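Coordinates in review
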Amino acid sequence: MKLFVVLVLVGVCAAGRVHNHVNFCKNNAVGEALARAARKLIVDELPDIIGHCESAAIALENGDFFGRDCIRAFDQSFCYGYTLYEKYEVAKLAADCTYGDSDSDYSVSVTYQDMANVLSPGGPVSKLGNLACAHALPCFKHVVKQIADCARADESFYTKAAEKARARLEPLIVENLGSVKNSLICHFGEKSDAMTLFSLIQDRITSYDDLVTLMNTHISGDTQDSLVAGAKSGIYDFFDGSNDFCDAGCVHKTTKYFKKLFIATHDAETCPTIEFYCGDCQANAESFIMGSAGSVPCCTMNALDSITSTIQSVIENYGELLIDIEAAVTETVEESGVSTDGYEAVKAAAMEQAACLGDTYDELDSEACVEA
C-alpha cells in the first residue's frame, strides 16, 4: 500500500518550489479563455453560498478571497486539463455511441518505462509539482483559513452553506438527468446493468433530503461528527507535511529515485506493462531496491510514513463502517438483479496487488535512507 502512495505522491508533487516555470496556457488561447470563464462563474456563485459569512462576503467583493496563488493554480491546471481534453478527443469519445461496437477485452498498455518517461525533468509532471508547491498549496491554505474563520464565527455556517449549495445544484442535476441517461444507453445499452443501477438510484434518491436520510440510516450522528473532526485535523496535518516536503526539495529527489526504479522494473519480457505487479515486476523492483541500498531519500520515507499512518488510522477507526456500507450497497444492488461477481473479482485482484506492493515497501523501508 505504501508504494502505491508513493506513485500518487510522485504524480501530484513532482518538482521543487522554484524550478521548471509553468505556463500551460501559453499558445492555448481557448483553454485560457475557458479557465477565466470558469473562474468567473465560481466567483459569481460563491456569494450566494457562503455570503452569509460577513468576512467571506467582504473578501469576495474585494477580490481577496482567492488571491493570486489561486488564480495561477486554477488557470494553469485548467489549461493543462484542456490540453489533455483536446489531445484525447474526450468530447468525441463522450458523444460517440460505442454500445455493441466491440466485444474485445480491455487491456493495459502503459509500461513502467512510460511512467519513468513521465518523471523526466521539465516534463508535465515536474511542472505540475512545481505548480502544486508554489501556488496550489498556498491557495488551499488561504481559502481554508477563511472558511475556518467563518465556521468559528457561526456554528451553523456549514449547514447554511450546504443548504444554499443544494438549492443551486438540485435544479442543475434534474435538468441534466436526461443527458446522463442517454449517455449510459449510448455506451452500455438500454438493458445494461448500468441502466438498472441508474434507475435504482433515481428511485431511491429523488432529493437531497433522501440522500441525507440514507446517510443517517447507515452512519450515526456521533460517527459523522467524528468524520468531520478527523477531516479538519487531517487538513492541517496535510499542510504541515506538504510544507516539509516542498521546502526540502523532496519532490525532485523523489521523482529522480522513482524514475530509476521504474526503469529497472520495466522489462519487455518479464514485466511488459503495469497491469500486474505481483511476480516478475515485483522481483525486478525489489532487485533494484536491494542493489541500490541507501539511495532512497529520507524525506520521501518520512512523507510516506505520514501519509500511510493517516490511511491506516482511517482504516482502524472506520473499517467496520466501510464494511457495513459495502455490504448494504452490495445487497441492494443484488436485489435489483445486477451481479456483483465482477466487482468481487476486481476487489480480490486489487487486494492481491496491494499486498505485493506492501511487501516491496517493507523491502524499501528496511534499507538505509540518504539525507542529501
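As a starting point, this report considers the structure included with it.

The rules behind these values
- Residues numbered from 1 in each chain as written.
- Predicted model: local features only at pLDDT ≥ 70, side-chain atom pairs only at ≥ 80, totals over all residues.
- Heavy atoms only, no water.
- Helix = DSSP H or I, 4+ residues; strand = E, 2+ residues; numbered from the N terminus.
- Rg over C-alpha atoms; globule rule 2.2 N^0.38 Å.
- Buried < 20%, exposed > 50% of the residue type's maximum accessible area, 1.4 Å probe, protein only.
- Contact = heavy atoms within 4.5 Å.
- Areas by Shrake-Rupley, 256 points an atom, 1.4 Å probe, with all protein chains shown as cover.
- Lys, Arg positive; Asp, Glu negative; His and termini not counted.
- Charge placed at Lys NZ, Arg CZ, Asp CG, Glu CD.
- Core = buried A, V, L, I, M, F, W, Y, C linked by side-chain atoms within 4.5 Å.
- Patch = residues over 30% accessible without salt bridge, like charges linked within 9 Å, V, L, I, M, F, W, Y side chains within 5 Å.
- Salt bridge = Lys/Arg side-chain N within 4 Å of Asp/Glu carboxyl O.
- Disulfide = S-S within 2.5 Å.
- Polar contact = N/O pair within 3.5 Å; in protein donor to acceptor, adjacent residues only side chain to side chain.

1. What about the overall build of the protein chain?
In terms of helices and strands, the protein chain carries 15 helices and two strands. Scaling as 2.2 N^0.38, a compact globule of 372 residues should have a C-alpha radius of gyration of about 21 Å, and the protein chain matches this with 23 Å. With respect to the three principal axes, the spread of C-alpha positions in the protein chain is 60 × 55 × 50 Å. Residue burial in the protein chain is summarised as follows: out of 372 residues, 30% are buried. Look at the contacts in the protein chain between residues 6 or more apart in sequence, and 83% of them connect residues 24 or more apart. Put simply, the protein chain shows about 22,100 Å² of open surface, and 58% of that area lies on carbon and sulfur atoms. Separation between the mean location of the 27 positive side-chain charges and that of the 55 negative ones in the protein chain comes to 12 Å.

2. Some points on the nonpolar core
Counting 23 residues, the largest nonpolar core has Y112, Y257, F258, F262, Y277 and L364 as the members making the most contacts within it. Contributing elements (two or more residues each) for this core: α6 (112–118), α12 (250–265), α13 (280–291), α14 (298–335) and α15 (341–366). In this structure L364 touches Y257, F258, I289, V296 and M301, once residues within four positions along its chain are discounted. Counting 17 residues, the second largest nonpolar core, distinct from the first, contains L46, I49, I50 and L60.

3. Focus on a negative patch on the surface
Together, D305, D359, D362 and D365 give the surface a local cluster of negative charge. In this structure, D305 sits in helix α14. On the basis of relative accessible area, D305 is assigned to the partly exposed category, the value being 33%.

4. Focus: the state of the cysteines
Here the structure, examined in full by the defined rule, presents nine disulfides. Residue pairing for C97: its cysteine sulfur links by disulfide to C186, the two sulfurs lying 2.0 Å apart. On the sign convention where negative means left-handed, the S-S torsion of about -125° between C97 and C186 marks this disulfide as left-handed. With C97 in the loop between α5 (90–95) and α6 and C186 in helix α8 (residues 157–188), this residue pair connects regions lying 89 residues apart in the sequence. Disulfide pairing is shown between C133 and C246; the S-S distance is 2.1 Å. When the S-S torsion is -75°, as for the bridge of C133 with C246, the disulfide is left-handed. Of the two residues, C133 sits in helix α7 (residues 124–153) while C246 sits in helix α11 (residues 221–247), which places them 113 residues apart along the sequence.

5. What to know about the side chain of D75
Tracing the sequence through the fold places D75 in helix α4 (residues 67–87). Judged by its relative accessible area of 11%, D75 is buried. Separated by 2.9 Å, the side chains of D75 and R39 make a polar contact. Non-local contacts of D75, meaning those with residues more than four positions away in its chain, are made with C25, A35 and R39.

Bear in mind that shape data such as this cannot, by itself, settle questions of function.
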